[in-house]
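Reading the structure
For reference, the chains in residue letters:
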Amino acid sequence: MNRTVNIISKNFKKYNPESIEEYLELGGFEALKKAIEMGPQEIISTLKTSGLKGRGGAAFSTGRKWEYSANVKGDKKFIICNADEGEPATFKDRYLLEYDPFKVIEGMIIAAYTTGSTDGYIYIREEYKYLHNKVRKAIELAEKHGFLGKNILGSGLNFNIKVVSGAGAYVCGESTALIESIEGKSGRPRLKLTRTSKQGLFGLPTLVNNVETLAAVPPILEMGVEEYIKYGTHTSKGTKLISLCGNVNKPGAYEVPFGITLREIIYDIGGGIKDGKQLKFLQLGGASGAIIPAKLIDIKYCYEDLEEHGASVGSGAILVADETNKVTHFLKSVQDFFIHESCGKCTPCREGNRQLTKIINRFVTGNASVEDLKTVEKFANVMKYASFCGLGQTAPTALLTAIKYFPVEFYQQIDRIRKTS
Amino acid sequence: MKNCTITIDNKEVTVPEGTSILEAAKKVSINIPTLCNHPDQTVKANCRICLVETKPGKLETACSTKVRDGMTINTVSKLVRDTQRGVLELILANHPQDCLKCIRNGKCELQKLCEMFHISKSNLEDEIDALEKDESNPSIVRDHSKCIKCNRCIEVCQEVQGVSILSHAHRSTKYCITPAFEKKLVNTLCVFCGQCTSVCPVGALYEKDDTEKVWNALYNDNLHVIVQIAPAVRVSIGEEFGAKPGTKVTGKVVAALRRLGFDKVFDTDFTADLTIMEEGHELLDRINRGGTLPMITSCSPGWINYIEGFYPQLLDHLSSCKSPQQMFGALSKTYYAKKLDLDPSQIFTVSIMPCTAKKYEAERKEMSSYGYRDVDAVLTTRELARMIKSASIDFLNIEEENFDEPFGITTGAGVIFGVTGGVMEAALRTVYEVVTEHELENLDFMDVRGLEGIKEATVDLNGTPIKVAVAHGLSNAKKILNQINEGKSDYTFIEVMCCPGGCIGGGGQPIGSTMKVREERIKGIYDVDKVMPLRKSHENPAVKELYEEFLGQPLGKISHKLLHTTYSPRSEKIDFDYLQWNNEIALTEE
């Protein structure tokens, strides 16, 4: 049974991304025209009704975010499309940029029109190097057809987009670190004393949105918000692109309506576990996301239900692990990632990851002590509460949820001699 | 401005909007622990010690979070304490615990936190980074295995001094504070001002300790060991012994130095007066003969390092006068040696300076007279305090004594060299009287005093108005240099001091030189000036005698040889022969 939907992913593999004509034939830029007819206020209220939230992971109301930005005055205002997609197991933004770059651009133009922005940046992660020029080409075509540049479609909007990239740090997905990176500084999060919408890139008003968030805007306007909110649940409206991967038969990026169960995602969409094995756990939202045991797969995939179980939608990554995976070994791979990617700026993240790595390694080799379990939990919490940015705050999420759901796996790795002493 | 009423630990307080939680808490007598926070610097919030609970289960840093009306803050909840302690434990696990051997023992902000939290046991395994100490230069030691990455040194280096030698590199556990490409300081354009050592909360940056060198000289019976003390030291060294900042302890320092065994105790103020004679005449000479103007003072060695490194095209603007320290040294090996009938090699000249760059200055090859080093050893205020402590001298109760003659006879003009604007004021007092042949009615040039970054004044010299400027802190000096560079400067004479506040805020001064402390020290200096019987350099009888007996006249032949110097551009890779000081460590760097 096909449980996927086609709202944002409607155009995937339907047209040649190097041809703007083909995009236009599929109804491209109609949403922009509609947006110009609606005017900024109506767009914002439509987005509020749509319940669209930041799809990069933070899940902040897009309508409200755009409203803040629209209310900030400034001759030069920026829109940044966050295509840093560094979250492990996440690849849905890559699909969008690869198969429907014009929709992302269209979303950015609508954002620019709504907020009165003048300059756009698409910050594409270094590792998606092959996409850089493809997206540049799409921008060039949009410019040639008058969708970018001066007085776009007679609306009076002047807007241009540039593609930029950093040096490949995960933390640059954090919006202030991303801004630092565009400014040419090393990617470390900034102390936010004022909202980015007031003082962001080069100290000017800036709106930062994830690729998927921007790509969701044209379909919402085009199909009408009433139609859009038929998808999803009452509180988690619409659809979400997920990146399904791990030990499943059919990994890939899929669009699902909120409210679908995890079981449906894994078995109906993903075709079940590879080699007929048993499901052991899932990690939702990438390396910074929670670990969910197999017994919870009947919960609904939506913001509220996941939160109840200490998990979140996050970036939309769903990593499936079968019975052959040891939780502690899996945590080591997560920890190896974070100790590599911590920027080092704040104490809890820099030193916390250092200590967590040491202790988790002891669990992997079976040399851990009973104290180690307490210590690792204590400092995971210090990181969670004390870290400067989202990276450090969420780095121990997998560990903390693993301790919650798989305590036995930790005890099994505790050194017998030390356990009894 | 709107007020916010908040509750901190069940106590209500009303503060203006925009106040940080940290400041608001002080109003109800709660000092939230901090580490990266510094009163003169921007908020960084990277150590994460100052977390408080702003909502159940939500922690925010008190330093960076502004109060919101109606906020309820808990600074002692279990979550707060556990997290603060946890952060501290994490720092400690990466910090060498050789406190007893550490130069900052007793003055370390991390140590203070540990005292507050008393972490006797931690389940964390220590992992201390094995990093090489940078002892490549004569002024500053960088032991970054002790660094807690607070970023204060970076701010002072980049924003206050504008030299941007220190920055951060790498990430995660390799994250470190370092010069670009992890060069040693000697191979950078570091000016050795030592401001980083002054803001470092721990023992990661400190002055190169030369006390042993001085002790050895004192123990050597064949050496005649003399010492000079800089003006700024007398209003700050008391702090090391518990006195209030700005307390004048001149007589006590003199007495303590004699107890330590120095043969003669002299005052750098004397050569400050001499500097005014030479520099004042040089200025008049440049004005009369159409020399390079504006002329800029040259007594601050950090400043000299800066202009040599960053604005070599403007070196002609520098006065050719050596600094008072070096003038003293030159005279000690010539005039003084002859007076005492000693061979210069028998004289060991020590100077007590508020400054780390003075150590570097003393090593320069230009700084020798007839083959003898002008100054043999330079101690910072902190090092002298260390010597006094190790000699068990009860500093605050010691009976005051006077300087020796002849280099102990000084004026108020020499004293104010210790503050920003002081050299300018001293010069104006003399230049005005030399040119106009009238006595100055008011000796206080208020326009050039105070802590404003750049100060200006105009003085009428026999109908010719001359415009002068005073800058302190190199980022302010930079603005003035850029004006000269663009040909837009209409100043005739400029005073530049490397450190904010002038020498009283020098990098070798007692730890804790906040702006507030600097202000107190400045007040102390002007109080000393006010009560001096003589306040103009050209009225110093010992200086007059020196010219009569030895130098002849200002800018004369002997002056030129002993009291003046030359400058040359500095490149990042400095020529090691350039320094008399021989350092193997520096040479081992590729």
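Rules of the game
Residues numbered from 1 in each chain as written. Chains lettered and ligands numbered in written order. Predicted model: local features only at pLDDT ≥ 70, side-chain atom pairs only at ≥ 80, totals over all residues. Helix = DSSP H or I, 4+ residues; strand = E, 2+ residues; numbered from the N terminus. Rg over C-alpha atoms; globule rule 2.2 N^0.38 Å. Buried ≥ 20, exposed ≤ 12 C-beta atoms within 10 Å, placed from the backbone. Contact = placed C-beta atoms within 7 Å. Nonpolar A, V, L, I, M, F, W, Y, C, P; charged D, E, K, R; others polar. Axes fitted to C-alpha atoms, helices over the stretch in contact; angles between N-to-C directions. Parallel < 35°, antiparallel > 145°, perpendicular 65-115°, else oblique. Left-handed = near helix turned anticlockwise from the far one by under 90°. Pairing = 2+ DSSP bridges. Right-handed = clockwise from strand over helix to strand, strands pointing away. Expected span 1.5 Å × (residues − 1).

**A look at the overall build of chain B**
- Within chain B one finds 20 helices and 19 strands.
- Taken over the C-alpha trace, chain B has a radius of gyration of 25 Å; the compact-globule value for 590 residues is 25 Å, and the two agree within 12%.
- A principal-axis box enclosing the C-alpha atoms of chain B has dimensions of 80 × 55 × 50 Å.
- Within the span of chain B, comprising 590 residues, buried residues form 54% of the whole.
- For chain B, contacts bridging at least 24 residues in sequence account for 74% of all contacts bridging at least 6.

**Re the interface of chain B and chain A**
- Taken together, the contact pairs 26 residues of chain B with 26 residues of chain A.
- Ranked by residues supplied to the side of chain B that touches chain A, first place goes to helix α2 (residues 78–93) of chain B with seven residues.
- Per-class residue counts for the side of chain B that touches chain A are twelve nonpolar, nine polar and five charged.

**Some points on the packing of helix α8 (residues 268–289) of chain B against helix α15 (residues 422–436) of chain B**
All names here are of chain B.
- Axis separation between α8 and α15 bottoms out at 9 Å; the angle between their running directions is 60 degrees. Classified by the angle their axes make, α8 and α15 are oblique. Crossing of α8 against α15: the hand is right-handed. On the side of α8, the interface is formed by Ile276, Glu279, Gly280, Leu283 and Leu284, while α15 contributes Ala426, Ala427, Thr430, Val431, Val434 and Val435.
- When grouped by side-chain class, the residues that make up the contact of α8 with α15 number eight nonpolar, two polar and one charged.

**A few points about the pairing of strand β19 (residues 493–497) of chain B**
Residues and elements named next belong to chain B.
- Most of β19 is tucked away, with five of its five residues classed as buried.
- Of the two faces of β19, both are covered, the one formed by Phe493, Glu495 and Met497 as well as the one formed by Ile494 and Val496.
- Across two bridges, strand β12 (residues 295–296) lies against β19 in parallel orientation. Paired with Met295 across the strands is Phe493, a residue of β19.
- As defined by bridge partners, strand β18 (residues 464–472) adjoins β19 across five bridges and the pair is classed as parallel. Among the inter-strand pairings, Val468 is bridged to a residue of β19, identified as Phe493.
- Remark: the β18/helix α16 (residues 474–485)/β19 crossover connection has right-handed handedness.

**Focus on α16 of chain B**
All names here are of chain B.
- Over its twelve residues, α16 runs 16 Å from end to end, which matches the ideal 16 Å to within 8%, given 1.5 Å per residue.
- Looking only at α16, the buried set comprises Leu474, Asn476, Ala477, Lys478, Ile480 and Leu481.
- Buried residues along α16 sit in contact with α9 (301–310), β17 (454–461), β18 and β19.
- Where α16 terminates, the next one or two residues include Gly487, which has phi positive at roughly 70 degrees.

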